[in-house]
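What follows is each chain in one-letter form.
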Amino acid sequence: MPKKLLDDCFLHDKDRLRHDDAVALLKSRIVPVTGTERVAIWDAAGRILAQAAVAARPVPAHTNSAVDGYAISSAHYNGVENREAGRRFAVLGRAAAGRPLTDNPPTDTAVRIFTGAIMPEGFDTVAMQEDCSVETTGSGDNEQVTHVTIPPGLKVGANVRRAGEDVAAGTTLFDAGTLMRPQDAAALASIGLADVLCHQRVRTAILSTGDEVIRAGSRALQPGEVFDANAPMLTALARAAGADVTDLGVWPDDASVIQRGLRDAAQRFDIILTSGGASRGEEDHMLSALDTLGKRHMWQLAVKPGRPLMFGQIGDTVMVGLPGNPVAVFVCFLMYVFPMLRRMGGGHWPEPRRFMLPAAFELPKRKTGRREFFRGILRMTEQGLAVDKFARDGSGLISGLRAAHGLIDIGEDVTKVAPGDAVPFIPFSEFGILDA
């Protein structure tokens, strides 16, 4: 069986854990938890390899022409005395893709060749047909003879794809743990693989909590109630991370119901993702349920938005309790849960790249001691690309997520940001989220 989350307690001794410390803690403890299965290359994009993919043969398998034209030997072409006039060759033979020559014409002649055709033995250069002059002599009972004039200046090896120039035999294309992309499926096919061994998807349960939360479309909204915006967003985010997602619905603010539900879910899933109820309010039962059923390893981060992030385990099942506000859920998922799911699913822990861009906003005086992730909007200015901050910072404003192109990452010790200062920007594309 795959090894699951380490069972020892590693509660930190700080009131609020800094971002880098939280990532380091999670990164050191989360391990792959899934089994493996064979997957057809048609379905491999988005899956994580469980076994290295090695090329058994070179790509291309044969030296071939990259264009339609005429194959020649550079030795005879470059040996002509009047190089400014090019050279005239008799055309003997025709080679097409999948239909190579069966005999070897003399190397002082030319061969009519088409894209993908194997280069005849002794021929090393191809002239593009649009650069050549062709004439045919002879008619009637006389045998027709075709000659081609190759213009001067053709380089040795021009328009030829060498065997193995893309991939040499024995090359490891992908290591185990690699996330497959559409272009990678093409690479797998090019080395002759029809299927690959992949990790199974992480079995992920998603649920919402709160007596005031109802699902859109279930019934009319009553006073004090809100529609559940977190569950559909989390489902899409988890699937983008490669997980197999099951929706467990909305659970009431009832300690016994939550305990029974979590106990059952821990028997069926690799990870449970909850939103809401992660604080210590009288109606926040998720934290106490985790403490009763399993072990809590992390809670309270020095991060905005997303301070009450709960992480622990019930048996071998990972549990993450996310905040209730949609922006906080979104940010915490990207920064902490997304890499967890990828790693649990057999992949490498992904480190999102940060691109330094000039700020098109100002933070004249900032409280230090916590990491802040602002919704960032790319702007084209007279000086080039810059990043602006969404005007409002409320963690319940889904409009900010819709407008943003990524996150602005402001460190714990930054006291202010002036317009033009370089700030780290993490595009949403780092998490597989495309712009509209």
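Reading guide: rules and limits
- Residues numbered from 1 in each chain as written.
- Predicted model: local features only at pLDDT ≥ 70, side-chain atom pairs only at ≥ 80, totals over all residues.
- Heavy atoms only, no water.
- Helix = DSSP H or I, 4+ residues; strand = E, 2+ residues; numbered from the N terminus.
- Contact = heavy atoms within 4.5 Å.
- Buried < 20%, exposed > 50% of the residue type's maximum accessible area, 1.4 Å probe, protein only.
- Arc of directions from axis to C-beta.
- Core = buried A, V, L, I, M, F, W, Y, C linked by side-chain atoms within 4.5 Å.
- Pairing = 2+ DSSP bridges.
- Axes fitted to C-alpha atoms, helices over the stretch in contact; angles between N-to-C directions.

A.B. asks: Any chance you could explain the side chain of serine 275 here in plain terms?
C.D. replies: Checked against the element boundaries, serine 275 lands in strand E17 (residues 271-275). In contact with serine 275, not counting residues within four places along its chain, are Leu207, Ser208, Thr209, Asn230, Leu234, Leu322, Pro323 and Val329.

A.B. asks: Sorry, what's going on with the side chain of aspartate 184 here?
C.D. replies: Following the sequence through the fold, aspartate 184 ends up in helix H3 (residues 182-190). On the accessibility criterion, aspartate 184 (4% relative accessible area) is buried. Aside from chain neighbours lying at most four places away, what touches aspartate 184 is Phe174 and Leu179.

A.B. asks: Help me understand unusual backbone geometry in this model?
C.D. replies: Glycine aside, the phi torsion of most residues is negative, and most peptide linkages are trans. Cis geometry is adopted by the peptide bond preceding proline 60, which originates at valine 59 and carries an omega value of -5°. Mapping proline 60 onto the fold places it in the loop between strand E2 (53-54) and strand E3 (64-65). Lysine 304 connects to proline 305 through a cis peptide bond whose omega is -5°. Note that proline 305 resides in the loop between strand E19 (303-304) and strand E20 (310-314). For asparagine 159, which is not glycine, the phi torsion reads 60° and is therefore positive. Looking at where asparagine 159 falls in the secondary structure, it is placed in the loop between strand E9 (145-150) and strand E10 (160-161).

A.B. asks: Where do I start with helix H5 (residues 255-265) in this structure?
C.D. replies: Helical geometry: 3.6 residues make up each α-helical turn, so side chains three or four residues apart lie on a common side. Regarding H5, the residues found buried are Ile258, Gly261, Leu262 and Ala265. Along the axis of H5, the buried positions cluster into a sector of 95°, meaning they face one direction only. The secondary structure elements touched by the buried residues of H5 are strand E16 (244-251), E17, helix H6 (286-293), E20 and strand E21 (317-322).

A.B. asks: What should I look at first to understand the environment of glutamate 130 in this one?
C.D. replies: With respect to the helices and strands, glutamate 130 occurs in the loop between strand E7 (125-128) and strand E8 (133-137). Sequence-wise, glutamate 130 and aspartate 421 are 291 residues apart; in three dimensions their C-alpha atoms are separated by 54 Å.

A.B. asks: Honestly, the nonpolar core in this entry has me stumped. Any pointers?
C.D. replies: For soluble globular proteins, nonpolar side chains are generally found buried alongside one another. Judged by nonpolar contacts, the single largest core of 48 residues is most densely connected at Val320, Phe333 and Tyr336. Those elements that provide at least two residues to this core are helix H1 (19-29), helix H4 (230-240), E17, E21 and helix H7 (326-344). It is H7 that provides the largest number of residues to this core, a total of 14 residues. If we ignore the near neighbours within four places in the chain, the residues touching valine 320 are Ile271, Ile272, Leu273, Thr274, Leu309, Met310, Phe311, Val337 and Met340. Of all hydrophobic cores here, the second largest spans 17 residues; its members include Leu262, Ala266, Ile272 and Met319.

A.B. asks: Would you take a moment to explain the sheet that holds strand E5 (residues 87-95) for this structure?
C.D. replies: Where strands meet in a sheet, backbone hydrogen bonds hold them as pairs that are either parallel or antiparallel. One open sheet holds the 6 strands; their spatial order is E7-E4-E6-E5-E9-E8, and the pairing between them is mixed. Across the chains shown, the open sheet's two edge strands, defined by having one partner strand only, are E7 and E8. Averaged over all pairs of adjacent strands, the angle between their axes in this sheet comes to 40°, without regard to strand direction. Relative to strand E6 (residues 110-113), E5 runs parallel, the two sharing 3 bridges. The residue of E6 that forms the bridge with arginine 94 is arginine 112.

A.B. asks: Please explain the sheet that holds strand E18 (residues 295-298) as it appears in this structure.
C.D. replies: An order of E16-E13-E17-E21-E20-E18 is seen for the 6 strands of this open sheet, with the pairing classed as mixed. Both edges of this open sheet fall to E16 and E18, since each of them pairs with a single strand only. Going from strand to strand, the sheet's axes swing by 20° on average, the running direction of each strand aside. Sheet topology places E18 next to E20; 3 bridges connect them, and they run antiparallel. Residue pairing in the sheet places methionine 298 in a bridge with phenylalanine 311 of E20. Where H4 meets the sheet, it contacts strand E13 (203-209), E16, E17 and E21, and its direction lies at approximately 165° from that of E13.

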